[in-house]
Amino acid sequence: DQTRLPYNYKLIFRTTLNPKPSRKHMKVSLHISYHTEQEHLVGVIFDNQPDNILTLQRLYENSDEWTGTVAFEANIPATVRYRYVIVKADDKTIVRQEKGNGHILISEPLHDYCSHDSWKQADIDENFVPQHFYDIVDSEAKDGWDDCIRRYFRQYSANHILLVLEAPALNDDDEWCICGSNDLLGNWQAARARQLVQVNRTTYVALIPRTDAGVAYKFIIRRKDNHDVCIWEDGDNRYINAATESLPTVIFGYYPYFDYKFRTKRVAGVVIPVFSLRSNGSQGIGDFGDLSMFVEWAANAGMHVVQLLPVNDTTSTNSWRDSYPYSSISVFALHPAYLDLRPWKDLPLYQEFEEKFRKLNEAATVDYDNVVNVKNNFMRLLYNIIGAETMQTEEYRQFCKDNEYWLPAYCLFSHLRDRFHTVNFKQWKDFKSFNQDSYNTYMKHSGYEDAVNFFAFVQYLLHVQLKSVHEKANRLGVLLKGDIPIGVAARSVATWVMPNLFHMQSSAGAPPDYFSEDGQNWGFPTYNWEVMARDGYAWWKKRFNHMHHYFDAYRIDHVLGFFRIWEIPRPLYGGILGHFRPALPYLAEDVRALHFDADVEELSIPSLADWNMDHFSDEEKSTYFDWHLDHRFRLKTAYNTERKIREQVKDHDLCKKLIRFTEEVLFVHDPDNRKGYHPRISAWNTRRFAELSENDQQAFYNMHDDFYYHRHNEFWAREAMKKLPTLVQSESSMLACAEDLGMVPASVKDVLSQLHILSLEIQRMPKRSSGEFDDLQNNPSLSVSTISTHDMPPLRKWWRENINHAADTYWQQILHENGNAPWDIDTGTCERIVNMHLASPSMLCLLAWQNWSSIDESLRSDNPMGEQINNPANPNQFWNYRMEPTIETLMTATPFTEKIRGLIKRNGR
């Protein structure tokens, strides 16, 4: 049977093979080993056209070897892709198929050949990192896959078999080899193995002489400088069967079975917020011009990544409270404060502001209120000078067209915020919600068209500058890594335009953890994932894809939020009475079945026994509490919520004490099921817990452990897999990295691994050991290694704060030094710690600027206690840290730059 195929393909089984084909034809004999059920067949589809499935035949009855021959007519395209599928024998319905991009047929030099394939589970790129990553960090460009194979075919000898291996790129110290059972393949001796030649990033080839006997072999990873040192492929031997035909033969090996730790491409980089950059010409805050210079320094230092904090607009109050970069009013707009004004320094306008800029830039930290005010005044005057001309350009119009899915709403939001002097859109009269028709009318008839357009003008200038930095970074071999915050401000463009996507009566936060013993309340509304799922998470897809304009990699802030979020009812300020959403709450009968006998409902209401109220005076008891017949104290109605207490009790210590009383519960109600209960997190720290019987205390411990660490593992993994695959694959050329710190469910690791999202590994926050510190050598390959995040004390500050405690342990157990740790950590010790992180198997080693500068006496800060960017326990944190040396100073600090370059190179990064 001959079947007409796209591009005039024909499938010709061996039973009908024409022994004398026309010179206008080329035949490819396909072979694959695959076990199927008897009712299933192996088939082939070409160029992703599943309507025409070509079924192969078993080599013999009940065989797992499948074969068939494809004949091409002369008008075939240059590249033909095909993919194996498993189909039902009766109706040819596809039951499963290979993943990835499939296989390529060699259409040149137009002679017949045999292809022995392996089933693909995914492309090598999908199993590791995007091609774009290697395009930037690899200095040597290599040929395309099909060009390489064609070149070898032109050199083909009938006495050889072409073996093609698709496998991850190794680091510079290793090489792929094939070692087998005959002399030509080294007789199982690694030192004599045949080296594979790399023809592109993930493709390696070798010409293997044909033999009359079969050959067993395995792939190995061998050290270049010592051929006796190697790692053998796991699993059974592979085989090259005895030569039975004289056609050119290609054997494809795919994804050899290895632990790739230490073997994938490893690079180093630096983490710094844009606002923390400092140059001689800054206007009091780091900007995209400073970032351009800093990227150049990073490249000179041998770094391949510059990671930033979020750069989105956070302007809500035009005050220092807007310095919080994770509370954006738009997930698309860039922050106006990051506009570099130096391109207009020749204008008289700039000269009028120059003295103000100089004074702002001399400040040790960011004077946020004045910086934003001065830069905003400059931009409005600049708009009067060049705005009309700029908006007439084709580039500006194209920018507006490309960004019409967010730009008009953002501009109107920003204008109305300034016009009504509040970000609370409920006070915006006719604009309490966004409407496109109202927008169009407003722009035509309100007289405010120019005021609204100002914000589009600023966004265009920001776009041009950051896009330019991105392109420069890529030319220098540097990736820019952005940050996707888990939340948005409660009063933001997103909640104004699409409030149905959010739970507006709740706030997102975090339970008690390493960063805050009382939990955190971030103030962001939580997501209504059920509504978001209806259009395939379109808002999230746009958000991820928008990042691609400026970044090559991204950090998913609080990736745990895609599994479950810590949700706090809106009246609460603190985070400790929150609950996870979604969750599987206990019913009262479930609690009793776990051998807990106390009244669950009664334990969800704050109260204490009279003998447990010794921390309150008699006057305080009579003023704020009611005495109940069950000999328990409960707060009076006027003071029975945290909000009421904060509004009425002015004594700080008493206010705090009363708020603590509201936390005297052991259960909180599920938000969607009043009959459902969550064990209160860390409830054993309460006085209420001490009132339980010993049996109930033990039952509560067991229940709490089950609820938070076992009950939801698979449930939360399923929740994440509903969302994350769609999102991280929405822009496949960016490298996805997770911030997976805190109270991490056991299922997170497997989900991140399955989706090839890099985890975050911090030595002082161990994930794999019961000790105080993790072993860096056990970091997974697909991970980011760092010393500290922006939410943690940098190395020197942590050292001083933990002297006589954790620092001593680190000094003795990790650095293997005797005695107690010195109070101030010197540059040599800092360099040792930096070097340990660079030596880890983590694909990325990204260290905060403060930790890089700690290794140089002339550049490290004189005040390490002021280097922490954010303290998560402080809800009123002012994010104003700035690096002390200017970037110009860095560019001339040759010994420092060369030291970093040497450390990176010696560690194979």
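All chains use their own residue numbering, which begins from 1 and follows the written sequence. The model is predicted, so local features are restricted to residues of pLDDT at least 70 and side-chain atom pairs to those at 80 or more, both for listing and for counting; the totals for chains, interfaces and linings are taken over all residues. Hydrogens and waters are ignored; side-chain quantities use all the structure's heavy atoms.

Caption draft 1: Spatial organisation of the overall build of the protein. The secondary structure content of the protein amounts to 27 helices and 37 strands. For 909 residues, the compact-globule estimate of 2.2 N^0.38 gives 29 Å, and the protein sits close to it at 32 Å. The principal-axis extent of the C-alpha atoms belonging to the protein is close to 105 × 80 × 70 Å. Of all 909 residues assigned to the protein, the portion counted as buried reaches 58%. In DSSP terms, a helix is any run of H or I states spanning at least four residues, a strand is any run of E spanning at least two, and both are numbered starting from the N terminus. Computation of the radius of gyration draws on C-alpha atoms alone. For the globule rule, the value is 2.2 Å times the number of residues to the power 0.38. Here's how the labels work: a residue is buried when its accessible area is under 20% of the maximum for its type, exposed when over 50%, partly exposed in between, all with a 1.4 Å probe on protein chains only.

Caption draft 2: Fine view of the nonpolar core. As used in this record, nonpolar core signifies buried Ala, Val, Leu, Ile, Met, Phe, Trp, Tyr and Cys residues forming a set joined through side-chain atoms within 4.5 Å. In terms of nonpolar packing, the biggest core is built from 185 residues, with Leu-291, Phe-294, Trp-297, Val-306, Trp-540, Phe-667 and Trp-799 touching the most fellow members. For this core, the element with the highest residue contribution is helix 10 (residues 449-475), accounting for 12 residues. Once you skip the residues sitting within four places of it in the chain, Phe-667 turns out to touch Val-591, Phe-596, Val-600, Leu-603, Ser-604, Tyr-677, His-678, Pro-679, Arg-680, Phe-700 and Met-703. One finds Val-28, Tyr-34, Val-42 and Tyr-84 within the second-largest nonpolar core, a separate group that totals 25 residues. The contact definition used throughout considers only heavy atoms, calling two residues in contact when any of these lie within 4.5 Å.

Caption draft 3: Representation of the sheet that holds strand 34 (residues 735-738). Criterion used throughout: strands pair if DSSP finds at least two bridges between them. Read across the sheet, eight strands follow the order 34-26-23-22-21-37-36-35 without closing on themselves; strand pairing throughout is parallel. Pairing within the sheet leaves two strands with one partner each, and these edge strands are strand 34 and strand 35 (759-762). Direction aside, the axes of adjacent strands within the sheet are offset by 25 degrees on average. In terms of strand pairing, strand 26 (residues 553-556) meets strand 34 through four bridges, oriented parallel. Geometry is summarised by axes, namely lines fitted to C-alpha atoms with helices restricted to the contacting stretch, and by angles between N-to-C directions that run from 0 to 180 degrees.

Caption draft 4: Local environment of the side chain of His-40. Relative to the elements of secondary structure, His-40 occurs in strand 4 (residues 40-46). For His-40, a relative accessible area of 13% gives the class buried. Not counting residues up to four positions away in its chain, the partners in contact with His-40 are Arg-58, Trp-66, Ile-86, Val-87, Lys-88, Ala-89 and Val-95.

Caption draft 5: Main features of the pairing of strand 31 (residues 632-635). Burial along strand 31 is two-sided: Arg-632 and Arg-634 and Phe-633 and Leu-635, pointing in opposite directions, are all buried. With two bridges joining them, strand 29 (residues 608-609) and strand 31 adopt antiparallel strand pairing. Bridge assignment links Ala-609 to a residue of strand 31, and that residue is Arg-632. Adjacent in sequence and paired antiparallel, strand 30 (residues 625-628) and strand 31 are bridged by three residues, among which His-631 carries a positive phi angle near 60 degrees.

Caption draft 6: Spatial organisation of the packing of helix 7 (residues 394-402) against helix 10. Packing of helix 7 against helix 10 brings their axes to within 10 Å, and their N-to-C directions diverge by 100 degrees. Between helix 7 and helix 10, the angle is such that the two are roughly perpendicular. From helix 7, Glu-395, Tyr-396 and Phe-399 reach across to helix 10, where they touch Asn-453, Ala-456, Phe-457, Gln-459, Tyr-460 and His-463. The class makeup of the residues in the contact of helix 7 with helix 10 is five nonpolar, three polar and one charged. Between 65 and 115 degrees an angle is taken as roughly perpendicular, under 35 as roughly parallel, over 145 as roughly antiparallel, and anywhere else as oblique. Amino acids are sorted into nonpolar (Ala, Val, Leu, Ile, Met, Phe, Trp, Tyr, Cys and Pro), charged (Asp, Glu, Lys and Arg) and polar (every other residue, Gly among them).

Caption draft 7: Broad picture of empty space enclosed by the protein. In the cavity and pocket records, a cavity denotes points on a 1 Å grid over the protein atoms alone where a 1.4 Å probe fits but cannot get out, a pocket denotes an open set with protein on both sides within 12 Å along at least 5 of 7 lines, and lining residues are residues with an atom within 4 Å of a point. Grid points are joined across faces, edges and corners, and a volume is the space filled by probe spheres set on the points. Counted under the stated rule, the structure contains seven cavities of 30 Å³ or more. The space that makes up the largest cavity amounts to roughly 250 Å³. Taken together, the elements giving at least two residues each to the lining of the largest cavity come down to strand 23 (479-484), strand 34, strand 36 (783-786) and strand 37 (844-848). Taken together, the residues that form the lining of the largest cavity break down as 14 nonpolar, seven polar and five charged. By volume, the second largest cavity is sized at about 100 Å³. Lining the second largest cavity are 14 residues, and of these Phe-275, Ser-323, His-335, Tyr-338 and Tyr-368 sit closest to its centre. Grouping the constituent residues of the lining of the second largest cavity by class yields nine nonpolar, four polar and one charged.

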